[in-house]
Structures are given as structure tokens and as C-alpha cells.
Amino acid sequence: MRKSEKHELIIVAAQALDRASQKYEEIMAELKEAEDYKDSNLSITIHDSIKNLSRKIEAYQKGLIDQNKLVDEYIFEYESVDGESEIEKEVPVRLKRLTQRLLSSYKNFIEQVGGRKKVKRLEKQEPDAFKAKSVKKAYLFWLIGFFGILGFHRFYLGKPGTGIGWMFTGGLLGFGAIYDLIALPKMVDEENFFIELKAAKLKQLSGR
């Protein structure tokens, strides 16, 4: 693809972001009319993502950043929005549709401007470390680990140290395994909160 064609695609991408921003404002205005409304992490992430990419496209057009940097910005924002949508399960239908369209638009831009190599990089960089943990899966690991004694559920929740401890002590003589049976939902919530913090820290370190 010629440079002029890629430049045209970037102009189209800027227009798509403008439309996405208008749609976002429309959806949020409607949602805010509800008495029980409160800002969600996903809605905030979408807002920040659109604003950030709009600024980066403007910077590209002024010659402040190159094309590769712009594509990398799209990759980062794709991962941020996708990761937050995985964590946040209860999402209004209209916001969920906007999220899906936004992700599709981001991926299309990455492929058309950055090429298939960039898309492959995106697919490889979908880290499990930033995916929300599931209570059902945690209980499944507790169950197949001889009712928590082998500590499989603790490995799943990113606690390999205590997971090994559970293996060698029989789940702390069974008492730890029983405690985990009751505490698993809270443990999952704590791990998901930590995942969100890691994602936010990554964004901060990336200079956004």
C-alpha cells in the first residue's frame, strides 16, 4: 500500500473516531438519565481511548509522531478496551455494541495501516495476566485439585507461592482448603481488582 493510501486511511480513521465520540456522548446522555447510573470503568476507558487516539492522529498529521507509533497506539487502546470489556460483565446493550464496533474499527485500522504482522502482534499480546478471573473456574480448580488440597485454584488466581504451600501441606492440613471454599469469591474479586491496577499502571507508564 502506498504512503498516500495509508494517509487517506488515517483521515478516515479520524472521522470514525469523531463519529464514535458522538455516539458515545449520545449513549452516555441516555444512560445518565437513569437514577441508579454511575460511571463504569469501561465507559471511562472508552472515553479516554477515543480522546487519546484523536490526539495521536492529530500529532501524526503535524509530523510529531510516525506511522508505526500511531499503529502502536491503536494496539494499546485495543488491548485496554478489550481487557476492560472482559472484566466488566454487566454492560448496557448500547454500550456493549459500541465497544464491539470500536474494537472492530481499531483492529481494521491496525491491519490496513500496520499490516498483518501488527495484527499478529496484537493477537499474541492478548495477555492472560489482564483477563478477569472467573469464580466458576476458581471453584472448578478447587474441585479438581482434590477439594482444594493441591492448591490448583491458588495457581489460577496468581498465587503460586501459597499454591505450592497447599501442595506440600495438604491444603494446610485441609483447613486452608476449607477456608478457600468459603473465601473464593472474595479472592477472585481481589485478584480482578489487582488486574485492573496492573492495567492502569501499564497505561500510566506508557505516558498516556
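Keep in mind the model is a prediction, meaning the values are calculated, not measured.

Conventions we followed
Residues numbered from 1 in each chain as written. Predicted model: local features only at pLDDT ≥ 70, side-chain atom pairs only at ≥ 80, totals over all residues. Heavy atoms only, no water. Core = buried A, V, L, I, M, F, W, Y, C linked by side-chain atoms within 4.5 Å. Buried < 20%, exposed > 50% of the residue type's maximum accessible area, 1.4 Å probe, protein only. Helix = DSSP H or I, 4+ residues; strand = E, 2+ residues; numbered from the N terminus. Contact = heavy atoms within 4.5 Å. Phe/Tyr/Trp six-rings, centres within 6.5 Å; stacked < 30°, edge-to-face > 60°. Salt bridge = Lys/Arg side-chain N within 4 Å of Asp/Glu carboxyl O. Axes fitted to C-alpha atoms, helices over the stretch in contact; angles between N-to-C directions. Left-handed = near helix turned anticlockwise from the far one by under 90°. Nonpolar A, V, L, I, M, F, W, Y, C, P; charged D, E, K, R; others polar.

A. View of the nonpolar core. In this structure, Ile46, Ile50, Leu70, Tyr74, Tyr106 and Phe109 are the most contacted members of the largest nonpolar core, which totals 30 residues. Counting residues per element, the ones that place at least two in this core are α1 (3-31), α2 (41-61), α3 (67-87) and α4 (93-114). The leading source of residues in this core is α4, at eight residues. If near-sequence neighbours (up to four positions away) are discounted, Tyr74 is found in contact with Ala13, Leu17, Leu53, Ile57, Tyr106, Phe109 and Ile110. Grouped together as the second largest cluster of nonpolar side chains are nine residues, Ala177, Leu184, Met187 and Val188 included.

B. Local environment of the packing of aromatic side chains. With the rule as written, the count across this model stands at four aromatic pairs. Each ring, one from Tyr74 and one from Phe109, has its centre 3.9 Å from the other, and the planes form 25 degrees; the classification is stacked. Linking Tyr74 in helix α3 with Phe109 in helix α4, this pair joins segments that are 35 residues apart in sequence. Here Tyr74 and Phe109 have matching classes, each one buried. Counting every residue linked through ring pairs, the aromatic cluster contains Tyr74, Tyr106 and Phe109.

C. How the structure looks around the pattern of salt bridges. If you walk through the whole model with that rule in mind, you get seven salt bridges. For Lys56, the salt bridge is made with Glu73, and the minimal N-O distance between the two is 4.0 Å. Taken as a pair, Lys56 in helix α2 and Glu73 in helix α3 lie far apart in primary sequence, 17 residues in all. The buried category is assigned to Glu73, whose relative accessible area is 2%. A salt bridge links Glu58 to Lys62, with the shortest nitrogen-to-oxygen separation between them at 3.2 Å. Connected through shared salt-bridge partners, Lys23, Glu26, Glu30 and Arg94 make up one network.

D. How the structure looks around the packing of α2 against α4. Two elements in contact, α2 and α4, have axes separated by 11 Å at closest approach and are oriented at 35 degrees. Here α2 and α4 pass one another in a crossing that is left-handed. Here Leu42, Ser43, Ile46, Ser49, Ile50 and Leu53 of α2 come into contact with α4, specifically with Leu95, Thr99, Leu102 and Tyr106. Its residues placed into classes, the contact of α2 with α4 shows seven nonpolar, three polar and no charged.

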